[in-house]
Amino acid sequence: MEATPDPYEPGWWQLRAGSTVGAATFTVPGGASITLRITPKVRIARLFFLLGYALNPKGWRDETVEVAEHAGLVPALAHAYERQLERALRQGVLQGYRTTEEASLLVRGRIRQADQLGRRYGLTLPVEISYDEYTVDIPENQLLHTAAERLLGLPGIPRPVRSRLLHHRARLVDVTPPVRGHTLPEWQPTRLNARYHSALHLARAILRDASAEHASGSLRIDGFLFDMNKIFEDFVCTALREALHNRGGRTELQARGVYLDQASAIRVKPDFVWYEESGRPLAVVDAKYKAERPEGFPDADLYQLLAYCTTLGLQAGHLVYAKGNAPHAAHDIRNANIRIHQHVLDLDQPPELLLAEVSRIAAVLGSHHGPEQRRPPDQSHA
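Residues numbered from 1 in each chain as written. Predicted model: local features only at pLDDT ≥ 70, side-chain atom pairs only at ≥ 80, totals over all residues. Heavy atoms only, no water.

Enquirer: Please clarify how the nonpolar core should be interpreted in this entry.
Expert: Among the nonpolar cores identified, the biggest contains 72 residues, and Tyr-81, Leu-144, Leu-165, Phe-232, Phe-235, Leu-345 and Leu-347 are the most heavily contacted of them. The greatest single-element share of this core, amounting to 10 residues, is contributed by helix H3 (residues 73-89). Excluding residues that lie within four positions of it along the chain, Tyr-81 makes contacts with Leu-143, Leu-144, Ala-147, Ala-148, Leu-151, Leu-165, Ala-199, Leu-202, Ala-203 and Ile-206. By size, the runner-up hydrophobic cluster in this structure holds 17 residues, among which are Val-273, Leu-305, Ile-340 and Val-344. (Core = buried A, V, L, I, M, F, W, Y, C linked by side-chain atoms within 4.5 Å. Buried < 20%, exposed > 50% of the residue type's maximum accessible area, 1.4 Å probe, protein only. Helix = DSSP H or I, 4+ residues; strand = E, 2+ residues; numbered from the N terminus. Contact = heavy atoms within 4.5 Å.)

Below is the structure:
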């Protein structure tokens, strides 16, 4: 979202949503609050299917039904998160070991000898120690607690949902929330925290990918903003990865190590590349959350994908759009022996039909690779 001062009206700002959706509450001088809501073009249930599928495709299918009763983005997000949080805490609050380093009058754990000598200069007490503590104050619970706090600070949440969020937050009362503006705590998915995974993915989206905060003078903004470009890209790439899972090879999102020039100075980052196990590229895909204009999709998208195909040595490339009239178009590039396919996904349909469309795109990808595919340029010096 872009915000610029109005050139004609002092004290006024011009806001442009772009591809973002969400809500933000402004606390202005004097204590008054203003809430700005940016409504998505897709239905709320579809939005949460896209978001949830990309974050954790194995555990989110039923959320499309559960959030359907909420018409607004804020209530739907709060409801979806509350349901995931309830499932995470159903078997109790997760505990784990946290390493603590401190100066103490009592010895526990181990003495950090280098710090003792460097900081205490031969004094016996206090002692610099390090120990592992079994506690609920771990990164997983810190993220869940803080995401609940962020949602509770927003208006428009239905009373039953707010009440349940308050109940869950009370269960996490012994957790130390991270300081606002600081780096969020990191967590690693393991067998022990498996029941937390869905809630943690959504919590991180609320706090990192989907939050906006500004503190300048007496103006304060709290809220969340989702980038629909990123949501659509993540959905397409994740769904394609699953659709191609049984076809062999490997897939890479935001492919690394791909350069346009022989000197490896111009890096390109295709959204999705499918490779053979040997490393030979099989297909490239770029996802675009754009509406088709009367004159068609932007030509710049075709140029971009042409560069990907040339770099990877592919005879076919695929653009996937979120909206449009024609279901499929193909362009044969002059003097290049490259065909660029344009696919369109209709987001306003049941999830199973949407996934079936993705599977059809995956089938097209699979039909275009073979031994006749051109080899990528030699980059052995890179």
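Enquirer: How should the pattern of salt bridges be read in this particular structure?
Expert: Side chains carrying opposite charge are able to pair once their charged atoms draw close together. Using the criterion set out here, one finds 10 salt bridges in the structure. Here Glu-82 makes a salt bridge to Arg-164, at a shortest N to O gap of 3.0 Å. Within this pair, whereas Glu-82 is found in helix H3, its partner Arg-164 is found in helix H6 (residues 159-171), the two being separated by 82 residues in sequence. For Glu-82, a relative accessible area of 1% gives the class buried. (Salt bridge = Lys/Arg side-chain N within 4 Å of Asp/Glu carboxyl O.)

Enquirer: What is the right way to look at the sheet that holds strand E5 (residues 96-104) in this model?
Expert: Spatial strand order, E5-E7-E6: 3 strands in an open sheet with antiparallel pairing. Among the strands making up the open sheet, the edge pair consists of E5 and strand E6 (110-111). Relative to strand E7 (residues 127-135), E5 runs antiparallel, the two being bridged by 9 bridges. Looking at the pairing, Ser-104 lines up with Val-127 of E7. (Pairing = 2+ DSSP bridges.)

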